[in-house]
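Structure assessment
Here are the chains, one letter per residue:
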Amino acid sequence: MNDPAVARTTSAQLRQEQDQEQDEEQERRRRPHGPRRRARAAVLVRAALIATGLVTVYYVLPLDGRSTTGTSVLLACGLLLVVMVFAWEVRAIAHSPYPRLKAVEALAATLVLFLLLFAGTYYLLEHSTPGSFSEPLTKTDSLYFTLTTFTTVGYGDVAARSQTGRVLTMIQMAGGLLLVGVAARILAGAVQAGLRRRGREPSDDFTSRPED
């Protein structure tokens, strides 16, 4: 016959063990939240600093008038630089402890660099070959035209008139489509690879669900 006292003691021990396990589980779930929030904040700050730094360089850099050939060479070298930066960022994403967050930073750097590259190219083209656009371009005008082209808004107040200007604009359009489509898929694949490398399921760099 079972001893009631022993049964009560056993039941109390089981409840105590269950409570301890629940406390440990809650503590385990709480611990990653702090580092993850700090990582999110750090990525947002870095992305903002990268964008601000690149825009500052664009406005400060003395873009002197060049020949059309020189402008084309500069654009080609700049696009090669964008590809190299993007490839480096993809590799960094796969080895990052927070792949999704790193992908945001990579996209910010690549996108801003791409847009500023074309803005600088349009500015140089207008100053080396006046009349290439419907009105003289300042650096702000060039950036404005670049953004309206990228977002497909096309207000129409600034337009490419010369054949070279229109070719460069078409190159930007094609590059923008590749950046939005192909590059985004590559970044997503790098994120998946980074999560698999860390033995995690695709989840929670931005969500509140705890991770192991």
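Before reading on, note that the structure itself is shown above.
Here's a quick rundown of the structure. (Residues numbered from 1 in each chain as written. Predicted model: local features only at pLDDT ≥ 70, side-chain atom pairs only at ≥ 80, totals over all residues. Heavy atoms only, no water.)

1. Description of the pattern of salt bridges
Note the cut-off: What counts as a salt bridge is simple: a side-chain nitrogen of Lys or Arg found within 4 Å of a carboxyl oxygen of Asp or Glu. Only DSSP runs of H or I covering at least 4 residues are called helices, and only runs of E covering at least 2 are called strands; the numbering of each starts at the N terminus. Note on exposure labels: buried denotes an accessible area under 20% of the residue type's maximum, exposed denotes more than 50%, and partly exposed covers the range between, all computed with a 1.4 Å probe on protein chains only.
Across all of its chains, the model carries 1 salt bridge by this definition. For Glu105, the salt bridge identified is with Arg46, shortest N-O distance 2.9 Å. Of the two residues, Glu105 is situated in helix α4 (residues 99-128) and Arg46 in helix α2 (residues 33-60); the sequence distance between them amounts to 59 residues. The class of Arg46 is partly exposed, set by a relative accessible area of 38%.

2. Details of the packing of aromatic side chains
What counts, and what does not: Working definition: a ring pair exists when centres of Phe, Tyr or Trp rings (six-membered ring for Trp) sit within 6.5 Å. Plane angles under 30 degrees give stacked, over 60 give edge-to-face, the rest tilted.
Tallying each qualifying case throughout the model produces 6 aromatic pairs. Residues Tyr58 and Tyr59 carry aromatic rings whose centres are separated by 5.1 Å and whose planes lie at 75 degrees to one another, so their mutual orientation is edge-to-face. In this structure Tyr58 comes out as buried when scored by relative accessible area, which is 6%. For the ring pair Phe118 and Tyr122, a centre distance of 6.1 Å and an interplane angle of 45 degrees mean the geometry is tilted. Of this pair, Phe118 and Tyr122 both sit in helix α4, 4 residues apart, which is roughly one turn of the helix. The pair formed by Phe118 and Tyr122 is uniform in burial state, with each residue classed as buried.

3. Comments concerning the nonpolar core
Here is the rule we go by: Residues grouped as a nonpolar core are buried Ala, Val, Leu, Ile, Met, Phe, Trp, Tyr and Cys residues, joined through side-chain atoms within 4.5 Å. The criterion used for residue contact is that any of the two residues' heavy atoms lie within 4.5 Å.
Membership of the largest hydrophobic core comes to 26 residues, with the highest contact counts inside it found for Ile93, Tyr122, Phe133 and Leu187. Mapped by element, the contributors of at least two residues to this core are α3 (68-94), α4 and α6 (163-197). At 9 residues, α4 tops the list of elements feeding residues into this core. Once residues lying within four places of it in the same chain are set aside, the contact partners of Ile93 are Pro99, Lys102, Ala103, Ala106, Leu187, Ala190, Val191 and Gly194. Of all hydrophobic cores here, the second largest spans 8 residues; its members include Leu116, Ala119, Tyr123 and Leu124.

4. Considering the packing of α4 against helix α5 (residues 139-150)
Note the threshold: Between N-to-C directions, angles cover 0 to 180 degrees, with each direction set by a line fitted to C-alpha atoms, over the stretch in contact for helices. Roughly parallel here means an angle under 35 degrees, roughly antiparallel means over 145, roughly perpendicular means 65 to 115, and every remaining angle is called oblique. By definition, turning the near helix anticlockwise from the far helix through less than a right angle yields a left-handed crossing, and turning it clockwise yields a right-handed one. Three residue categories are used. Nonpolar comprises Ala, Val, Leu, Ile, Met, Phe, Trp, Tyr, Cys and Pro, charged comprises Asp, Glu, Lys and Arg, and polar comprises the others, including Gly.
Packing of α4 against α5 brings their axes to within 8 Å, and their N-to-C directions diverge by 125 degrees. Judged on the interaxial angle alone, α5 and α4 are oblique. As for how α4 packs across α5, the hand of that crossing is right-handed. Of the residues in α5, those in contact with Leu111, Phe114, Leu115, Leu116, Phe118, Ala119, Tyr122 and Tyr123 of α4 are Lys139, Ser142, Leu143, Phe145, Thr146, Leu147 and Phe150. Along the lines of polarity and charge, the residues of the contact of α4 with α5 split into 12 nonpolar, 2 polar and 1 charged.

5. Some thoughts on the environment of Thr148
Inspection of the secondary structure assignment puts Thr148 in helix α5. Thr148 gets classed as buried once you look at its relative accessible area, which sits at 9%. For the pair Thr148 and Val158, spaced 10 residues apart in sequence, the C-alpha separation works out to 9.4 Å.

6. What about α6?
For the record, the criterion: One fewer than the residue count of a helix, multiplied by 1.5 Å, yields its expected span. Note on bend: at a given residue it equals the angle between the axes fitted to the 7 residues ending there and to the 7 starting there.
The terminal C-alpha atoms of α6, which comprises 35 residues, lie 48 Å apart, in line with the 51 Å expected from a rise of 1.5 Å per residue. Taken as a whole, α6 carries its principal kink of about 35 degrees at Leu179.

7. With respect to a nonpolar patch on the surface
The test is simple: Candidates for patches are residues over 30% relative accessible area with no salt bridge; among them, like charges are joined within 9 Å and nonpolar side chains (Val, Leu, Ile, Met, Phe, Trp, Tyr) within 5 Å. The Shrake-Rupley method, run with a 1.4 Å probe sphere, supplies the accessible areas, and residue values consider only the shown protein chains as cover.
On the surface, Val167, Met170, Ile171 and Met173 cluster together into a nonpolar patch covering about 350 Å² of accessible area. Looking at where Met173 falls in the secondary structure, it is placed in helix α6.

8. Brief notes about the side chain of Gln172
Rule in force here: In protein, a polar contact means a hydrogen-donor-capable atom and an acceptor-capable atom, both N or O and within 3.5 Å, with residues adjacent in sequence counting only if both atoms are side-chain atoms; elsewhere, any N or O pair within 3.5 Å suffices.
Tracing the sequence through the fold places Gln172 in helix α6. Side chain to side chain, Gln172 and Tyr122 meet in a polar contact 2.7 Å long. Non-local contacts of Gln172, meaning those with residues more than four positions away in its chain, are made with Phe114, Leu115, Phe118, Tyr122, Thr146, Thr149 and Phe150.

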